[in-house]
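Examination of the molecular architecture
Chain by chain, the residues run as shown.
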2 protein chains.
Amino acid sequence: MEISARKKRILAAVVENYIRSAEPVGSKTIAETAGLGCSSATIRNELSELTALGYLEQPHTSAGRVPSPQGYRFYVNELMERQKLSLEEAEAINARLNEKMEQLDRLMADAGKLAGQLTGYPALALSAPRAATVKRFDLLYVDANTFIIVALLSNSTVQNKLVHLPFSVDQGMIQKLSALFNAGFTGLTDEEITPVLISATERAARDTMGLTSIIAAFTIEALSRSREGEAYVTGESSLLQQPEFRDPDKAHRVISYLSDSGHLMSLPSAGSDSGVRVIIGPENLAEELRDSSVVMASYDAGEGQRGLIGVVGPLRMDYAAVAAKLQYIAEGLSRLLGSGEAPAGFGKMILKGDVTSDE
Amino acid sequence: MEISARKKRILAAVVENYIRSAEPVGSKTIAETAGLGCSSATIRNELSELTALGYLEQPHTSAGRVPSPQGYRFYVNELMERQKLSLEEAEAINARLNEKMEQLDRLMADAGKLAGQLTGYPALALSAPRAATVKRFDLLYVDANTFIIVALLSNSTVQNKLVHLPFSVDQGMIQKLSALFNAGFTGLTDEEITPVLISATERAARDTMGLTSIIAAFTIEALSRSREGEAYVTGESSLLQQPEFRDPDKAHRVISYLSDSGHLMSLPSAGSDSGVRVIIGPENLAEELRDSSVVMASYDAGEGQRGLIGVVGPLRMDYAAVAAKLQYIAEGLSRLLGSGEAPAGFGKMILKGDVTSDE
DNA sequence: TGTTGGCACTCTCTCTTTACGAGTGCTAAA
DNA sequence: TTTAGCACTCGTAAAGAGAGAGTGCCAACA
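Since the structure is predicted, the reported quantities are computational estimates derived from the model, not experimental observations.

Another point: the environment of L153(B). All names here are of chain B. Along the chain, L153 falls in strand β5 (residues 146-153). A relative accessible area of 0% places L153 in the buried class. Along the chain, L153 and R136 lie 17 residues apart, while their C-alpha atoms are 7.1 Å from each other. Every residue in contact with L153, bar those within four places of it in the chain, is listed here: T133, V134, K135, Q159, A222, L223 and S226.

Let us look at the sheet that holds strand β7 (residues 231-234) of chain A. Residues and elements named next belong to chain A. Taking strand neighbours across the sheet as the criterion, the five strands line up as β7-β3-β10-β9-β8 in an open arrangement whose pairing is antiparallel. The sheet terminates laterally at β7 and β8 (276-279), the two strands that pair on one side only. Within this sheet the neighbouring strands show an average axis-to-axis angle of 20°, counted without direction. Packed onto the sheet, helix α6 (residues 107-119) meets β3 (123-127), β7, β9 (292-302) and β10 (305-314) and runs at close to 155° relative to β3.

The next thing to look at is helix α3 (residues 40-53) of chain B. Residues and elements named next belong to chain B. With 14 residues, α3 extends 20 Å between its outermost C-alpha atoms, agreeing within 8% with the 20 Å of an ideal straight helix rising 1.5 Å per residue. Of the positions making up α3, those classed as buried are I43, E46, L47 and L50. Along the axis of α3, the buried residues cluster in a sector spanning 105°; they form a single face. α3 presents N45 and A52 as exposed residues on the side facing more than 90 degrees away from its buried surface. Buried residues in α3 make contact with α1 (5-21), α2 (27-33) and β1 (56-57). The first or second residue beyond α3 is G54, which carries a positive phi of 95°.

For the rest of this paragraph, the subject is the pattern of salt bridges. The final tally for this structure, using the stated rule, is 24 salt bridges over all chains. Two residues, K325(A) and E89(A), come together in a salt bridge whose shortest N-O distance is 3.6 Å. Taken together, the residues K325(A) in helix α12 (residues 319-337) and E89(A) in helix α5 (residues 87-100) connect sequence positions 236 residues apart. Accessibility expressed as a relative area gives 13% for K325(A), which makes it buried. The class of E89(A) is partly exposed, set by a relative accessible area of 30%. Ionic pairing is found between R316(B) and E244(B), a salt bridge with its closest N-O pair at 2.8 Å. Remark: E244(B) occurs in the loop between β7 (231-234) and α10 (248-259) and R316(B) occurs in the loop between β10 (305-314) and α12 (319-337); sequence separation between them is 72 residues. Its relative accessible area of 6% is what places R316(B) among the buried residues. Ionic contacts of the salt-bridge type, sharing partners, join the residues R6(A), K7(A), E46(A) and E49(A) into one network.

As a matter of local geometry, DNA strand D sits amid 21 residues, with S27(A), S62(A), R6(B), T42(B) and T61(B) nearest to it. Among the elements of the structure, α3 (40-53) of chain A together with α3 of chain B are those that each provide at least two residues to the surface near DNA strand D. If one sorts the elements of the surface near DNA strand D by residue count, α3(B) sits on top with four residues. The class makeup of the residues in the surface near DNA strand D is four nonpolar, 13 polar and four charged.

Surrounding DNA strand C, one finds 21 residues, the nearest of these being R6(A), S39(A), T42(A), S27(B) and S62(B). Sugar and phosphate atoms represent 70% of those atoms of DNA strand C found within 4 Å of the protein. A distance of 2.3 Å is found between a phosphate oxygen of DNA strand C and a side-chain nitrogen or oxygen belonging to T42(A). The contact in question runs from a base oxygen of DNA strand C to an N or O atom on the side chain of S62(A), over 3.2 Å. The set of elements that each furnish at least two residues to the surface near DNA strand C consists of α3 of chain A together with α3 of chain B. Classifying every residue of the surface near DNA strand C by side-chain character gives four nonpolar, 13 polar and four charged.

Let's shift gears to the sheet that holds strand β9 (residues 292-302) of chain B. Residue and element names in this part refer to chain B. The strand order across the open sheet formed by five strands is β7-β3-β10-β9-β8, and the pairing between neighbours is antiparallel. Of all the strands in the sheet, the pair left with one neighbour each is β7 and β8 (276-279). Mean inter-strand twist for the sheet, computed between neighbouring axes without regard to direction, equals 20°. Along the sheet, helix α6 (residues 107-119) contacts β3 (123-127), β7, β9 and β10; its crossing angle with β3, the most-contacted strand, is approximately 155°.

In low-pLDDT regions, the fine details of the predicted coordinates are not to be read closely. Residue and element names in this part refer to chain A. Here chain A averages 86 in pLDDT, while 89% of its residues score no lower than 70. Mean pLDDT in chain A bottoms out at helix α11 (residues 261-265), which sits at 83, and peaks at strand β2 (residues 66-67), which reaches 96. Overall, residues 341-359 carries pLDDT values under 50, and its contacts beyond four positions in sequence, including any with other chains, amount to 31 contacts.

Turning our attention to the packing of aromatic side chains. Scanning all chains against the criterion turns up eight aromatic pairs over all chains. Taking NZ or CZ as reference, K250(A) lies 5.2 Å from the ring centre of F245(A), over its face.

Residues and elements named next belong to chain B. As for its placement among the helices and strands, E230 is situated in the loop between α9 (211-228) and β7. Spatially, the C-alpha atom of E230 lies 17 Å from that of P122, the residues being 108 residues apart in sequence. With sequence-adjacent residues up to four places away left out, E230 is seen in contact with M108, A125, L126, S127 and M265. Among the polar contacts made by the side chain of E230, one reaches the side chain of Y232 at a distance of 3.1 Å.

All names here are of chain A. Residue placement: K7 occurs in helix α1 (residues 5-21). A polar side-chain atom of K7 sits 3.0 Å from a polar atom in the side chain of E49. Those residues in contact with K7 that sit more than four places away from it in its chain are E46, E49 and L50.

Attention shifts here to the domain arrangement of chain A. As assigned here, chain A comprises domain 1 (5-79), domain 2 (87-129 + 229-352) and domain 3 (134-226). Its C-alpha centre places domain 1 of chain A at a distance of 63 Å from the equivalent point of domain 3 of chain A.

The subject of this paragraph is the packing of helix α8 (residues 195-205) of chain B against α9(B). Residues and elements named next belong to chain B. Interhelical geometry of α8 versus α9 gives an angle of 145° and a closest axis separation of 9 Å. Considering only the axes of α8 and α9, their crossing is right-handed. Along the contact surface, α8 presents I198, T201 and E202, while α9 presents T212, S213, A216 and I220. A per-class count over the contact of α8 with α9 returns three nonpolar, three polar and one charged.

Here the focus is the pairing of strand β4 (residues 134-143) of chain B. All names here are of chain B. Pairing of β4 with β5 involves eight bridges; the strand directions are antiparallel. Across the sheet, residue V134 finds its bridge partner in β5, namely L153. The antiparallel hairpin formed by β4 and β5 contains two residues in its connecting segment.

A few words now on the packing of helix α7 (residues 171-184) of chain B against α9(B). Residues and elements named next belong to chain B. It is the contact of α7 with α9, at a shortest axis distance of 11 Å, that shows an interaxial angle of 45°. It follows that α7 is oblique to α9 by the angle criterion. In the packing of α7 onto α9, the handedness of the crossing is right-handed. Two secondary-structure elements touch here, α7 through M173, L177 and F181 and α9 through L211, T212, I215 and A216. Here the contact of α7 with α9 is built from residues that sort into six nonpolar, one polar and no charged.

Reading guide: rules and limits
Residues numbered from 1 in each chain as written. Chains lettered and ligands numbered in written order. Predicted model: local features only at pLDDT ≥ 70, side-chain atom pairs only at ≥ 80, totals over all residues. Heavy atoms only, no water. Helix = DSSP H or I, 4+ residues; strand = E, 2+ residues; numbered from the N terminus. Buried < 20%, exposed > 50% of the residue type's maximum accessible area, 1.4 Å probe, protein only. Contact = heavy atoms within 4.5 Å. Pairing = 2+ DSSP bridges. Axes fitted to C-alpha atoms, helices over the stretch in contact; angles between N-to-C directions. Expected span 1.5 Å × (residues − 1). Arc of directions from axis to C-beta. Salt bridge = Lys/Arg side-chain N within 4 Å of Asp/Glu carboxyl O. Near = heavy atom within 4 Å. Nonpolar A, V, L, I, M, F, W, Y, C, P; charged D, E, K, R; others polar. Polar contact = N/O pair within 3.5 Å; in protein donor to acceptor, adjacent residues only side chain to side chain. pLDDT = per-residue confidence, 0-100. Phe/Tyr/Trp six-rings, centres within 6.5 Å; stacked < 30°, edge-to-face > 60°. Lys NZ or Arg CZ within 6 Å of the ring centre and 35° of its normal. Domains from an automatic or database assignment. Left-handed = near helix turned anticlockwise from the far one by under 90°. Parallel < 35°, antiparallel > 145°, perpendicular 65-115°, else oblique.

As structure tokens, then:
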């Protein structure tokens, strides 16, 4: 069934009013604010039909209307105007992004924080999980009982570990091990580093002191950590300021769900086609998020990696503003970090609309 | 004024009952449960005096008594029995600690998580801030445009950074820089690395194409990060389950205060290391924590470092149980990480690592 | 056919009143 | 010094009344 232009305007008015006021919207309000040149009675008829179509809901017989999840979805897909950031906002974001450039290893989490502060919702930052391999090992001899393992991974991160030993090793042993690992363990994912391989290497090295397994264990851990991706959540408590989360139990359910990073990693799996993704209430796979909406934007983190920033809030979220802000931040991050290469291995993720990626 | 033994027993009964029930404790309840062989009227007289002395409070004329902060303090200092963990609890903690040994760099945060899960309160984990210096630099040549900076710090962490250059360097240059930094920058705190020193080094190296300042900037950042210490907070939302934090605004104030790690670093300054510390409500310096209590235990993190784990909860916290658990965890951590007294006879290796990843 | 004003109806929210109960403080007796 | 008894206080839960907002429907109108 096709929806008339006026119905669309009325639906948009309901959504936008409700987003602002958090209270059911009545026909009178719409007649006054939407500027449709018709009376509240007419609006009532339209509202009634929109309700029958499933776009609106009535909390009780004699209250105003509230958008249903389907109503929000329609709004997001077809009615929502692409919001432009104000100059101040854009500049504030740029300033924050530039100032963070110094601390690249924390950038991911900081990007989440920025998103949270700008939108006032709890924010999440995810790095796409991705199988990595070691490109190169270095073992640094420190003293007779100490050495450092340094591993350069295929995703261009460097992991290291300081190892203290209860016995002595000499430089020769360290060099031998280094050569051995560079020869035998580079290019392998964590799953390919099997106990069989380790013990074979151990025999080849004539290593009786267990050094091989120490290094192998470190390698496996470093790789699997990178494969699992990382997740940061910040500003969880700002959820408490939303009227729909004044119930501490409800808030607790959502927040504690968010706090378990394991859960979060499954969020983006639901599909990732365009720049900004909106998941509305019951569309969430996770039971705990059925009363919440999630808005996410992905960015190019360089080295063929993609990152994700997003916020979580009530259904009554200001989708237009949040989407605009997230997209702007994501674009900024892509510009700063991005390699310009096509994203590999993380599905096709093309930023929607006018991407100004001059790289 | 000296407090009679019976008053002490009554006070303890009030505190313990209130901790359990979260509701004001009446004279009748005490007469029935405390086993003092006297009637509720007698208890009433005593309660009245305890109230006059400031150990108890009355929410309103005709409710039971609630411990005042001073009452909690007296309870913690003199009445609280040192609780012993059950065998299951102790074993659960030990198991968790051992399983974490593999991932030492995350151990600090994990220890906090453990404390939180065991006690049901939000938990924090702090590393004591401490000025560090670089003990040793290594620059690893990767390819003509890429090298890795590895710095071993005096606090036995290792920091690294992968550097991509828009121009080529050769191995000789890398080696020269490495020698230069090992000669000129080891043993300095971040504050001692002045722009004057950097530019002097740059001149001395002749034609380093800005590499000197890149490495110097990395060094400063690594050192200042270590000097600021680190703070992790987990399980904030469990505060919402406490009856005294059902008010979302109150909970939000506390949680958002906790979420700012800058605030947390000032927490331990008020006191020193020995054993378990309890800070009760108004004793907190921070306004935001005046309605909360903090229990902290410090542990020996090895290398002369101390770490801190703690929990935050309502005044009505089960101090005895929480203190016992924290102490047990802290002792376990000290045993695992502690440098000085660790019995090396078991051939147990002490692995300590720090992982940073830069792009 | 679509739009409008009018009107009765419904339902929630808030305020007030009432009743209840838990616990105290006091007094007098043991 | 302890105890039993009793009046009193105060918060809370339940019940009732009134107001207000918004709907749904109907008849009239362009």
